[in-house]
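Topology and contacts: notes
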Amino acid sequence: MTATKPAPARRWSAGAQRPLVEAGEIVHLLGRVLWLAVRHPFGYWGEVRDLMFETLRRCWLPVIISTTALGFAGPGMQGGSLYSVLGIPDRLGSFLLMASVREFAPWIDAMIVAGVMGTAIAADLGARRIREEIDAMEVLGVDPVRTLVLPRIVAVTLMTGLLEVFALVCGVIGGYIAAVPIFGATGAAFIGNFWSNATTTDMWGSIVKTLAFGLILSVVCCYKGLNAQGGPIGVGRAVNQAVVISFASIWIFNYVYTSALLGLNPDMQVFK
């Protein structure tokens, strides 16, 4: 006779396997979306445009307020306090480049988009799933991934990257407000120090990172919405899981991406 695992062991094994299974299914959904987008890149751009406008309408003000406040309070005030003790407040521009352009601005941008549009996408697709609308589309031969998922992923990915422009500018403005009026730095010296340390790699690296953030969070939220079950409570659970998984995935990707970018471009770590 074959020995069976005790119930606690089976539950532990299933609990350990589930995250790996979901990760594989998310990657599979991403591959399917990329294939559909490349295979027939027509017929969905009108909805992409509408979704991009909706993302911009909902997210532009939170992005501006959050990045300005964080640029002021984080690298601006904290970095300014240290640099003032050292007698070099004019050098705060280089610190803003490292803190805001490379890290804080992409993070805040992606987290706001995930919290606003990611939750809306997961809730919308989850509601369609429990109302059996997606099942009806599949019965009628309509591909829900191409019809519902693809436009949302394309729109959120592109708009997250475009909102990064607001985030970068406002983060530096917040740091400038802290450096010049509060800590007495020279405005021209702050700006000159910022641009003397900024490189093309800093700028395109920040944009590419944010595009990847948008792609990750949109795929995760679409996946959780498509697989919601258990009625309205299940939809709420799917939305909560989508946000948590999106944040964790973004942090993991950021560690790998930043390490690779700095390793391949050592000149970025030299401050002038």
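It should be emphasised that the depicted structure is a prediction, and the values quoted were computed from it without experimental measurement.

A look at the UniProt feature "transmembrane region" (unreviewed entry) in the protein chain
When the UniProt feature table is mapped onto this chain numbering, "transmembrane region" (unreviewed entry) sits at residues 59–84, 104–127, 207–226 and 238–264. The distance from the first to the last C-alpha atom of residues 59–84 is 35 Å, and the span holds 100% helix and 0% strand.

Digging into the environment of Met-111
Note on placement: Met-111 falls in helix α3 (residues 92–130). What makes Met-111 partly exposed here is its relative accessible area of 23%. The sequence separation of Met-111 and Phe-213 amounts to 102 residues, and the corresponding C-alpha distance is 9.0 Å. The contacts of Met-111, once residues within four sequence positions are left out, are Phe-247 and Trp-251.

A closer look at α3
Working note: α-helix, 3.6 residues per turn, so residues spaced by three or four point in the same direction. Along α3, the sharpest kink reaches roughly 45°, centred on Ser-100. In the stretch just after α3, Glu-132 is the one whose phi turns positive, near 65°.

Some details on the packing of aromatic side chains
A complete count under the given rule lists seven aromatic pairs for this structure. Judged by centre distance (5.4 Å) and plane angle (80°), the ring pair of Tyr-176 and Phe-190 falls under edge-to-face. You can see Tyr-176 sitting in helix α5 (residues 144–182) and its partner Phe-190 sitting in helix α6 (residues 187–197), a full 14 residues away along the chain. Judged by its relative accessible area of 1%, Phe-190 is buried. In this structure an aromatic cluster arises from ring pairing among Phe-213, Phe-253 and Tyr-257.

Here we look at the nonpolar core
Counting residues in each nonpolar core, the largest one holds 53 residues, and the members touching the most others are Leu-29, Val-33, Val-113, Leu-125, Val-149, Leu-150 and Leu-217. Elements represented by at least two residues in this core include exactly α1 (7–39), α2 (45–86), α3, α4 (133–139), α5, α6 and α7 (200–226). Look past the residues within four positions of Leu-125 in its chain and what remains in contact with it is Ile-134, Leu-148, Val-149, Arg-152, Cys-222, Gly-225 and Leu-226. One finds Ala-228, Val-235, Ala-238 and Ala-242 within the second-largest nonpolar core, a separate group that totals seven residues.

Thoughts on the pattern of salt bridges
Counting across every chain of the model gives 14 salt bridges. The partner of Glu-103 in a salt bridge is Lys-209, and the shortest N-O contact between them spans 3.5 Å. Taken together, the residues span a long stretch of sequence, with Glu-103 in helix α3 and Lys-209 in helix α7 at a distance of 106 residues. Relative accessible area serves as the criterion here: at 19%, Glu-103 is assigned to the buried category. Between Asp-135 and Arg-129 there is a salt bridge, with the nearest N and O atoms lying 2.8 Å from each other. The class of Asp-135 is partly exposed, set by a relative accessible area of 30%. Within the structure, one salt-bridge network assembled from shared partners comprises Glu-47, Asp-124, Arg-128, Arg-131, Glu-133 and Arg-152.

Some thoughts on unusual backbone geometry
Here the phi dihedral of Glu-132 falls at roughly 65°; this positive angle occurs in a residue that is not glycine. Along the polypeptide, Glu-132 turns up in the loop between α3 and α4. You can call Glu-132 exposed: its relative accessible area is 54%.

Section: helix α8 (residues 231–264)
If you check α8, its first and last C-alpha atoms are 48 Å apart, about what 34 residues at 1.5 Å a residue would give, namely 50 Å. Residues of α8 that are buried sit in contact with α3 and α7.

Notes on a nonpolar patch on the surface
Nonpolar side chains collect at one region of the surface, where Val-165, Val-169, Ile-173, Tyr-176, Ile-177, Ile-191 and Trp-195 lie side by side and expose about 630 Å² of accessible area between them. Elements supplying a minimum of two residues to the nonpolar patch: α5 and α6. Of all the elements, α5 adds the most residues to the nonpolar patch, at five residues. Structurally, Ile-177 can be placed in helix α5. Judged by relative accessible area, which is 37%, Ile-177 ranks as partly exposed.

Rules used throughout
- Throughout, a residue's number is its position along its own chain's written sequence, starting from 1.
- Residue-level local features of this predicted model are given only where pLDDT is at least 70; pairs of side-chain atoms are given and counted only at 80 or more, and the full residue set underlies all totals for whole chains, interfaces and linings.
- The side-chain quantities take in all heavy atoms of the structure and omit both hydrogens and water.
- UniProt positions are given in the numbering used here, feature names are shortened, and annotations may be inferred rather than shown by experiment.
- Working definition: helices are DSSP H or I runs of at least four residues, strands are E runs of at least two. Numbering for both runs from the N terminus.
- Only protein chains enter the accessibility calculation, which uses a 1.4 Å probe. A residue is then buried if its area is under 20% of the maximum for its type, exposed if over 50%, and partly exposed in between.
- Working rule for contacts: check all heavy atoms of both residues, and any pair within 4.5 Å makes them a contact.
- The seven residues ending at a residue and the seven starting there each receive a fitted axis; the angle between those axes is the bend at that residue.
- Two rings belonging to Phe, Tyr or Trp (six-membered ring only in the last case) form a pair when the distance between their centres is within 6.5 Å. Interplanar angles under 30 degrees mark stacking, angles over 60 mark edge-to-face geometry, and anything in between is tilted.
- Here, nonpolar core refers to any group of buried Ala, Val, Leu, Ile, Met, Phe, Trp, Tyr and Cys residues whose side-chain atoms link them within 4.5 Å.
- Definition used for salt bridges: Asp or Glu carboxyl oxygen within 4 Å of a side-chain nitrogen of Lys or Arg.
- Take the residue count of a helix, subtract one, and multiply by 1.5 Å to get its expected span.
- Excluding any residue in a salt bridge, patches collect residues exceeding 30% relative accessible area, merging like charges within 9 Å and nonpolar Val, Leu, Ile, Met, Phe, Trp and Tyr side chains within 5 Å.
- Accessible areas in this description were obtained via Shrake-Rupley with a 1.4 Å probe; residue shielding takes into account the shown protein chains only.

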